[in-house]
Each structure stands twice: as C-alpha cells, then as structure tokens.
Amino acid sequence: MTSPCILIIEDDLDIANVLKMDLTDAGFEVEHADSAMNGLIKAREEHPALILLDLGLPDFDGGDVVQRLRKNSAVPIIVLTARDTVDEKVRLLGLGADDYLIKPFHPDELLARVKVQLRQRTTESLSMGDLTLDPQKRLVTYKAEELRLSPKEFDILALLIRQPGRVYSRQEIGQEIWQGRLPEGSNVVDVHMANLRAKLRDLDGYGLLRTVRGVGYALRG
C-alpha cells in the first residue's frame, strides 16, 4: 500500500523544506508547490490525501485556494499561517478549511493534526443519495440493502464516492487501487467496473455508475 501523499503549498522554501523533512520522516510522500496556481495544478494532477496550505502566497490569497479546491474536491486542508485572529479563523473554516495551525508550531503538533484528518477521512461513512459506504465495516448499502462487493470493487467505489461526478481514467483507477502494478493494456479495471455496474443494477442502481467513453468512470453526482 502506498503512503499517503501530502501536498505542501508554501512559497517560503526554508519552511517548505522543513515540513517536507518532518513529513517524510513520518512516512508520508510529499509534493511541494511554491504558489497558489502551482498548488491548484498539483492538487488536480497528484490527488493528495491532504493539503498543507500557507495563506500568504505570492499570486493570490490562500483563502481563494480553499474556495477553488472546494468546488470539486473534499481533500482535507490544514491552513498554516501567522494570522492569529478569531475573524480570520472563522473566515477560513467557513470557506472550507478543515483545520488551522498558527506559525510557529511544533512538528509533533502538525503531525498529530495531519493524522487526525487522515483518520477521520478513513473512518467516516461516505454517502451519495441512497448509496452509503462505511470504510470501517467495509459495508456498502443502496436504499438500505447491502451491496456485496469484492475487496477491489469496494476500493473502487470508495474512490469514486469521495468525489461524485469526477471522472477517473482507467490509469488513475489502476494507480490508486493496484498501485500501478497492472500491465499495460490490461482490462482488469474494465472487468471490475462491469461487475460493479451489474451489482448496482441488481439493486436498481444501474444509472449510478457513468462511463465516459474514451476517458473513464464516475459516479453520477
């Protein structure tokens, strides 16, 4: 299983390097962006498990980054800033940030908050309409009826339900679920998607899974 990837959006290279070292030592993979725009691009391309976001970025405010991310992503966002006012905290949390850490902070506190956010996202039930997925129990229900899935089918559905409407390519699904170990030209993803579609259809949920020809798969959001 690959380590969770943390994206650091921070223009101060000294701070970014310290954060990267602390997170790498803790077992995380780390990506870095030195501006808001580069951060948004990396968030779209790398699909990080969590984002550490500085507010004072050179191109536009970190609050704008939170708003843009929240248009199509539920990735956990921890804001890192020296702005220690109640109004600022309320503003950022209202825009969609998940946590707020005042500079300077101890590395142990940062790691603790990162782990809390990742644990919450791992254990929280996920829902989309009548479809509910419980990661802890590995249980999926549709219209209160249990949907019996194989381990890989469950993992695929868990990936799709986190961002309803987002189209995942076959390569992205292969990378996320099989850690990129599928041979080129393999139809394993298509076979699992066909099985998942059939099981949803048996519970009158055929239309939940959308195929975008030549691109990939998505849950209808």
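All values reported here derive from a predicted model rather than from experimental measurement.

A. Broad picture of the packing of helix α6 (residues 151-161) against helix α7 (residues 170-178). Their axes nearest at 10 Å, the elements α6 and α7 cross at an angle of 120 degrees. Classified by the interaxial angle, the pair formed by α6 and α7 is oblique. Helix-helix and strand crossings are classified by hand; for α6 and α7 the assignment is right-handed. Within the contact between the two elements, α6 uses Lys152, Asp155, Ile156 and Leu159 and α7 uses Ile173, Glu176, Ile177 and Trp178. In the contact of α6 with α7, the residues fall into five nonpolar, no polar and three charged.

B. Here's a closer look at the UniProt feature "domain: Response regulatory" (unreviewed entry) in the protein chain. The UniProt entry lists residues 5-118 under the feature "domain: Response regulatory" (unreviewed entry), expressed in the numbering used here. For residues 5-118, the helix share is 48%, the strand share is 21%, and the end-to-end C-alpha distance is 11 Å.

C. Here's a closer look at the sheet that holds strand β12 (residues 216-219). Strand order in the open sheet made by the three strands is β10-β12-β11, with antiparallel pairing throughout. The open sheet is flanked by β10 (168-169) and β11 (209-212), the only strands paired with a single partner. Where β10 meets β12, two bridges bridge the pair, whose relative direction is antiparallel. Within β12, the residue paired with tyrosine 168 across the bridge is tyrosine 217.

D. Structural context of the packing of aromatic side chains. Scanning the entire structure with this criterion turns up zero aromatic pairs. Against the face of phenylalanine 60 rests arginine 68, its NZ or CZ located 4.3 Å from the ring centre. The ring centre of tyrosine 168 lies 3.9 Å from the NZ or CZ of arginine 166, which sits over that ring.

E. Seen up close, a negative patch on the surface. Side chains of Asp11, Asp12, Asp14, Asp34 and Asp59 sit close together on the surface and give a patch of like negative charge. Mapped onto the fold, aspartate 11 is located in the loop between β1 (5-9) and α1 (13-25).

F. Just the environment of tyrosine 100, in detail. Positionally, tyrosine 100 belongs in strand β5 (residues 99-102). The buried category is assigned to tyrosine 100, whose relative accessible area is 8%. Through-space distance from the C-alpha of tyrosine 100 to that of valine 79 is 4.8 Å; in sequence the pair is 21 residues apart. Among all residues touching tyrosine 100, those that are not within four sequence positions of it are Leu55, Val79, Thr81, Arg83, Glu88, Lys89, Leu92 and Arg113. At a separation of 2.6 Å, a polar atom in the side chain of tyrosine 100 contacts the main-chain carbonyl oxygen of arginine 83.

G. Examining the environment of isoleucine 51 more closely. The residue isoleucine 51 is located in strand β3 (residues 50-54) in this model. Judged by relative accessible area, which is 0%, isoleucine 51 ranks as buried. For the pair isoleucine 51 and valine 75, spaced 24 residues apart in the sequence, the C-alpha separation amounts to 7.2 Å. Other than its neighbours up to four places away in sequence, isoleucine 51 contacts Leu7, Ile9, Ala43, Leu69, Val75, Pro76, Ile77 and Ile78.

H. Molecular detail of the pairing of β11. Relative to β12, β11 runs antiparallel, the two being bridged by four bridges. Within β12, the residue paired with arginine 210 across the bridge is alanine 218.

What counts and how
Residues numbered from 1 in each chain as written. Predicted model: local features only at pLDDT ≥ 70, side-chain atom pairs only at ≥ 80, totals over all residues. Heavy atoms only, no water. Axes fitted to C-alpha atoms, helices over the stretch in contact; angles between N-to-C directions. Helix = DSSP H or I, 4+ residues; strand = E, 2+ residues; numbered from the N terminus. Parallel < 35°, antiparallel > 145°, perpendicular 65-115°, else oblique. Left-handed = near helix turned anticlockwise from the far one by under 90°. Contact = heavy atoms within 4.5 Å. Nonpolar A, V, L, I, M, F, W, Y, C, P; charged D, E, K, R; others polar. UniProt positions renumbered as here; feature names shortened; annotations may be inferred. Pairing = 2+ DSSP bridges. Phe/Tyr/Trp six-rings, centres within 6.5 Å; stacked < 30°, edge-to-face > 60°. Lys NZ or Arg CZ within 6 Å of the ring centre and 35° of its normal. Patch = residues over 30% accessible without salt bridge, like charges linked within 9 Å, V, L, I, M, F, W, Y side chains within 5 Å. Areas by Shrake-Rupley, 256 points an atom, 1.4 Å probe, with all protein chains shown as cover. Salt bridge = Lys/Arg side-chain N within 4 Å of Asp/Glu carboxyl O. Lys, Arg positive; Asp, Glu negative; His and termini not counted. Charge placed at Lys NZ, Arg CZ, Asp CG, Glu CD. Buried < 20%, exposed > 50% of the residue type's maximum accessible area, 1.4 Å probe, protein only. Polar contact = N/O pair within 3.5 Å; in protein donor to acceptor, adjacent residues only side chain to side chain.

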